[in-house]
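Observations on the model geometry
Each chain, letter by letter, is given below.
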Amino acid sequence: MEFVVDGVIKSFGKKRVLEGASFTFESGRIYGLLGRNGAGKTTLFNCINGDIRTDGGSFLLKEGEEGRALTAEDIGYVLSTPVVPEFLTGREFLKFFMDIHGGSMEEKKSADEYFELMRIAPEDRDKLLKDYSHGMKNKMQMLINLMAQPRLLLLDEPLTSLDVVVAEEMKELLRSLKEGRITIFSTHLLDLALDLCDEIVLLHHGKLEPVDRSQSDRKEFKEKIVEALREEDHGNE
Amino acid sequence: MGMSKTFAISFGIKNTYRVNSILYGLRQIPLIKKLLPDSLYESRGLKVFAGVLSALWELLSVFLGKAVYLALIFAAAAGGIYKGDDPGRAMLHIYLILTFVGAFVNTYLFNPTRDKHYAIVLLRMDARQYALIQYGYKMLKLLLGLLVLFPIFGRLVGLPLWQCLLMAPGTAGAKALAAAFCLFRYEKNGTYPNENMLGKLQWAAILLLSAAAFILPAVGLMVPELFCVGLMGLFFLGGLAFTGKILRFQEYRAICQAMLSQMLSQMDQASGAAKKQTEKLISPEAGITSKKAGFEYLNELFIKRHQKILWRSSRRIALVCACVFLGLLCFVYAQPKVGEELGGRLLTFLPYFVYIMYFLNRGTGFTRALFMNCDHSLLTYSFYRRPKAILKLFSIRLREIVKINLLPAAVIGAGLSLLLYVTGGSRRPSDYLLIVVSILCMSVFFSVHYLTIYYLLQPYNAGTEMKSGTYGLICFATYLVCFCMMQVRIPLFLFGLACILFCVIYCAVACLLVYRLAPKTFKLRP
């Protein structure tokens, strides 16, 4: 399976954020989407997710030679600030989600098995979500997005506000779940991206560009990335 | 930095803030919004326009507030409250006491404002200079305003001109005295008044003194005229004597920073307050469960956990309405003559109930809670935004809110019919049915109306701020129409039929629009 971004254009008023961004993402890999502040990472995600309309270009999911447009079911989108329906308990939210997705979920687990997977403690499972901590809300949001087994998983700065233990748990989880799907992980923390991701893609000048990792050690690779992003200064002038 | 430069900068900040507020405000109005360019804040023409408005406002602020204030005192003294033959004395009495209260409540020195924050905290301007310049400017405005306005009102109640002219320096003096007093107290024990956050004791004192100002003249008790004038004179001299204290005081920065940091933390709390407030409506009881599945499950839990604003409140309203009608029935039974008249009026009184039904409707609270506690989060999940899901949930929610609102409506409809019957009745038996059906229709109308505009305009953004001017306008227009209906008297038969017809057509069109458009419009605003 491949996810093809082809010539995507998006501007706000006169400001052009995406200027023909193109890239092909492959199944089974975690991509780190790096860009400077305001480079348009969230805009790109919002376009993929259908939250905002693009001005041109397309997103296609390819299996074999056949490409098709993305549907809502293909996508899981984890936002940087977790949002969960405050009036439900964790268990109720899971049940609601499983009700809705009854037919389409491939492997079904019990609610408790899912909670176990995310390491949400038994005493928290029947609490109202409004009383969850930030980290737990984040886990819930991640869980809901993983349960539907989306082919494309978008994560927008998801680990930045988590404590070290939860962040480490999340990284483990993402690595263990990468088979059979495309994971795109946006961040501006370089070290995090290098730790977790199989490939680094830069978003600058409104375009997507891969960075070749082969034949360079971590330090060289880092310098290469920073250098590539720094060039942007000239481009903006 | 020189005094004149500080003066210029401080007004620059205030003016920029005002101009940008005006431009922002313009952008909130639908239609006008479309005409404005994206680079709104760069546009020179618009800035000049807003600048002129801002300058006009500055000019008006010298006179407008003071004119209203003095007119109120004048009205109270010249017959409004005091009915005797010496309104001049009454005016002096009220003015003296209010001046005393105002001197402490509004010193001009301890008022945390945003432009102060920008200048003193962010731009690190000289706090003492800044505070003194603002203070001096406000004092000048006060003197000018009162010197012009007080004689106008004072002469009308027969006060001699010299007394009228004394009021301006007297008032300024009182303010200066109060400010100096606060500064002395700060030096002694480090406390300062925060004028935006008065304590209970202060409110009690304000109420007591205001009552003394306005109520004592009504029973003929007033401060002697000579005493009033003398005290104002003393205020003036005292204020003059202590001006030096205000000018020489050195710790304005410390006071300003403490005051402003307090203000900012209050503002932070306020920004998330609406969301937190709505979150508090969620009933935490453990026993709430649902046996349903899918969207019905979600909806049932929502309704049950929000019973405070939904079923419980609707049952309460129904109960109160039932009691009111019971009371009316008893009254009519005891006073048949009044009853007959009432019955006659009832036949043209139905439009009035549009307004009542508007007030009893739970629709706004429902949509607000729906967004804050449910849709705000779930709309970020793609499965929830599928057209089928949106429409399915819309129909479930519509059914529920209609049911919730129908309970009080049924009680009111039945009560009205009963009242009509008891008070002599109508020649047409169909009128009874018409009352019940049209009241029920009004209730359905409001339920549909609020949910429809919520689904079609979805006025909130991810930060739970209201972003749609159109939504606000429609809500206001709804209120206006309902308010006007109170003034209308139409025969029952005609109004009832028209009302039912309108509601049916409206609901049909609204639902059609939602089914057509909501999959596109029902999403978080950027």
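Within each chain, residues carry numbers counting from 1 in the order of the written sequence. Each chain gets a letter, beginning with A, and each ligand a number, beginning with 1, in the order they are written. Local features in a predicted model are, by the rule used here, given only for residues with pLDDT of at least 70; side-chain atom pairs are given and counted only at 80 or more, and totals for whole chains, interfaces and linings are based on all residues. As a rule here, side-chain values come from all non-hydrogen atoms in the structure, and water together with hydrogens is ignored.

**Here we look at the layout of surface pockets**
For the record, the criterion: Two kinds of site are reported from a 1 Å grid over the protein atoms alone, namely cavities, where a 1.4 Å probe fits but cannot get out, and pockets, open sets with protein on both sides within 12 Å along at least five of seven lines, and residues are called lining when an atom falls within 4 Å of a point. Grid points are joined across faces, edges and corners, and a volume is the space filled by probe spheres set on the points. A helix here means a DSSP run of H or I that spans at least four residues, while a strand means a run of E at least two residues long, and both kinds are numbered starting from the N terminus. When residues are grouped by polarity, Ala, Val, Leu, Ile, Met, Phe, Trp, Tyr, Cys and Pro land in nonpolar, Asp, Glu, Lys and Arg in charged, and all others, Gly among them, in polar.
A volume near 1,900 Å³ is recorded for the largest pocket. A:Gly50, A:Asp51, A:Ile52, B:Lys523 and B:Leu524 are, among the 49 residues lining the largest pocket, the residues nearest its centre. Those elements giving two or more residues to the lining of the largest pocket turn out to be strand E1 (2-12), helix H1 (41-48), strand E4 (56-63) and strand E6 (75-78) of chain A together with helix H1 (3-27), helix H17 (387-422) and helix H20 (492-521) of chain B. It is H1(A) that provides the largest number of residues to the lining of the largest pocket, a total of four residues. Residue composition of the lining of the largest pocket, grouped by class: 21 nonpolar, 16 polar and 12 charged.

**Quick word on the packing of helix H14 (residues 336-346) of chain B against H17(B)**
Residue and element names in this part refer to chain B. Note the cut-off: Each axis is a line fitted through C-alpha atoms, taken for helices only over the stretch in contact, and angles between the N-to-C directions span 0 to 180 degrees. In these notes the angle categories are as follows: under 35 degrees is roughly parallel, over 145 is roughly antiparallel, 65 to 115 is roughly perpendicular, and the rest is oblique. Here a crossing is called left-handed whenever its near helix is offset anticlockwise from the far helix by less than a right angle, and right-handed whenever the offset is clockwise. In what follows, a contact means two residues having at least one pair of non-hydrogen atoms within 4.5 Å.
At a minimum axis separation of 8 Å, H14 and H17 run at an interaxial angle of 125°. Taken together, the axes of H14 and H17 lie oblique to each other. Between H14 and H17 the crossing geometry is left-handed. Touching Leu342, Gly343 and Leu346 of H14 are Leu416, Leu419 and Leu420, all from H17. Partitioned by chemical class, the residues of the contact of H14 with H17 number five nonpolar, one polar and no charged.

**A look at the sheet that holds strand E8 (residues 182-187) of chain A**
All names here are of chain A. So the rule is basically this: Strand pairing is assigned whenever DSSP identifies at least 2 bridges connecting the two strands.
A sheet is described by the order of its strands in space; here six strands give the open sequence E6-E7-E8-E3-E9-E10, paired in mixed fashion. Of all strands in the sheet, those bounded by a partner on one side alone are E6 and strand E10 (207-210). With direction set aside, neighbouring strand axes in the sheet form an average angle of 20°. Across five bridges, strand E7 (residues 152-156) lies against E8 in parallel orientation. In the sheet register, Asp156 faces E8, and the bridge partner there is Ser186. Taken strand by strand, helix H7 (residues 218-230) contacts strand E3 (30-34) and strand E9 (199-204), and its axis lies near 15° from that of E9.

**Quick notes on the domain arrangement of chain B**
Note the threshold: Reported domain spans reflect what an automatic or database domain assignment gives.
Domain assignment breaks chain B into domain 1 (64-268) and domain 2 (294-521). Measuring from the centre of the C-alpha atoms in domain 1 of chain B to the corresponding centre in domain 2 of chain B gives 48 Å.

**Some points on a nonpolar patch on the surface**
All names here are of chain B. Worth spelling out the cut-off: What makes a patch is a set of residues exposed beyond 30% relative accessible area and free of salt bridges, joined within 9 Å when like-charged and within 5 Å when nonpolar (Val, Leu, Ile, Met, Phe, Trp, Tyr). Only the protein chains shown count as cover for residues, and the accessible areas themselves come from Shrake-Rupley with a 1.4 Å probe. When a carboxyl oxygen of Asp or Glu lies within 4 Å of a side-chain nitrogen of Lys or Arg, that pair is called a salt bridge. Under the scheme applied here, a residue whose accessible area is under 20% of the maximum for its type counts as buried, over 50% as exposed, and between as partly exposed, the area being computed with a 1.4 Å probe on protein chains only.
A cluster of nonpolar residues, Leu144, Leu147, Val148, Ile152, Leu161 and Leu165, forms a patch on the protein surface that exposes about 490 Å² of accessible area. Secondary-structure elements contributing two or more residues to the nonpolar patch are helix H6 (127-156) and helix H7 (161-189). Here Ile152 is to be found in helix H6. Of the residues examined, Ile152 reaches a relative accessible area of 48% and is grouped as partly exposed.

**Digging into the interface of chain A and chain B**
Formally: Buried area is understood as the total, over both parts, of accessible area removed when two parts are fitted together, assessed with a 1.4 Å probe. Here a polar contact is recorded for every N or O atom pair within 3.5 Å, except that within protein the pair must consist of a potential hydrogen donor and a potential acceptor, and residues adjacent in sequence are included only if both atoms are side-chain atoms.
Residue-level contacts link 28 residues of chain A with 30 residues of chain B. Carbon and sulfur atoms supply 63% of the area buried between chain A and chain B, which totals about 2,500 Å² over both sides. Contact with chain B buries surface across chain A, with A:Glu86, A:Phe87 and A:Phe96 losing the most and accounting together for 28% of the total. The interface formed by chain A and chain B holds one salt bridge in total. Taking the shortest distance from any N to any O, the salt bridge between A:Glu92 and B:Arg305 comes out at 2.8 Å. Here chain A is connected to chain B by seven residue pairs in polar contact (both at pLDDT 80 or more). Looking at the side of chain A that touches chain B, the elements with two or more residues in it are helix H2 (90-100) and helix H4 (134-147) of chain A. For the side of chain A that touches chain B, the element with the most residues is H2(A), which contributes seven residues.

**A few points about the side chain of A:Thr183**
Relative to the elements of secondary structure, A:Thr183 occurs in strand E8. When its relative accessible area of 2% is taken as the criterion, A:Thr183 is described as buried.

**Looking at the packing of H1(B) against H6(B)**
All names here are of chain B. Following both chains from N to C, one finds H1 and H6 inclined at 75°, their axes separated by 10 Å at the closest point. Viewed along their axes, H1 and H6 adopt a mutual orientation that is roughly perpendicular. Along the contact surface, H1 presents Met3, Thr6, Phe7, Ser10, Phe11 and Lys14, while H6 presents Gln129, Tyr130, Ile133, Gln134 and Tyr137. Split by residue class, the contact of H1 with H6 holds six nonpolar, four polar and one charged.

**Some details on the sheet that holds E4(A)**
All names here are of chain A. Ordered by their spatial adjacency, four strands build an open sheet running E2-E1-E4-E5, and the pairing between neighbours is antiparallel. The sheet is open, and its two borders are formed by strand E2 (15-26) and strand E5 (66-69), each paired with just one other strand. The mean angle between the axes of side-by-side strands here comes to 25°, regardless of whether they run parallel or antiparallel. Pairing of E4 with E5 involves four bridges; the strand directions are antiparallel. Its bridge partner lying in E5, Glu63 is registered against Glu66.

**Section: the pattern of salt bridges**
On inspection of all chains with the given rule, the structure shows 29 salt bridges over all chains. As a salt-bridge pair, B:Glu300 and B:Lys304 come within 3.6 Å of each other at their nearest N and O atoms. Of this pair, B:Glu300 and B:Lys304 both sit in helix H12 (residues 294-305), four residues apart, which is roughly one turn of that helix. Taking the shortest distance from any N to any O, the salt bridge between B:Arg399 and B:Glu400 comes out at 3.1 Å. Its relative accessible area of 35% is what places B:Arg399 among the partly exposed residues. Residue B:Glu400 is classed as buried on the basis of its relative accessible area of 8%. If you follow the salt bridges from partner to partner, you end up with A:Arg91, A:Asp112, A:Glu116, A:Arg125 and A:Asp126 in one network.

**Here's the deal with the environment of A:Asn37**
Along the chain, A:Asn37 turns up in the loop between E3 and H1. Residues A:Asn37 and A:His188 lie 151 residues apart in sequence; the distance between their C-alpha atoms is 7.7 Å.

**Examining H14(B)**
Residue and element names in this part refer to chain B. Formally: Throughout, the arc means that of the directions going from the helix axis to the C-beta atoms.
Within H14, burial applies to Gly339, Gly343 and Leu346. The buried side chains of H14 occupy one side of the element, clustering within an arc of 60° when seen end-on. Turned more than 90 degrees away from the buried face of H14, the exposed residues are Lys337, Glu340, Glu341 and Arg345. Considering only its buried residues, H14 is in contact with helix H13 (311-334), H17 and H20.

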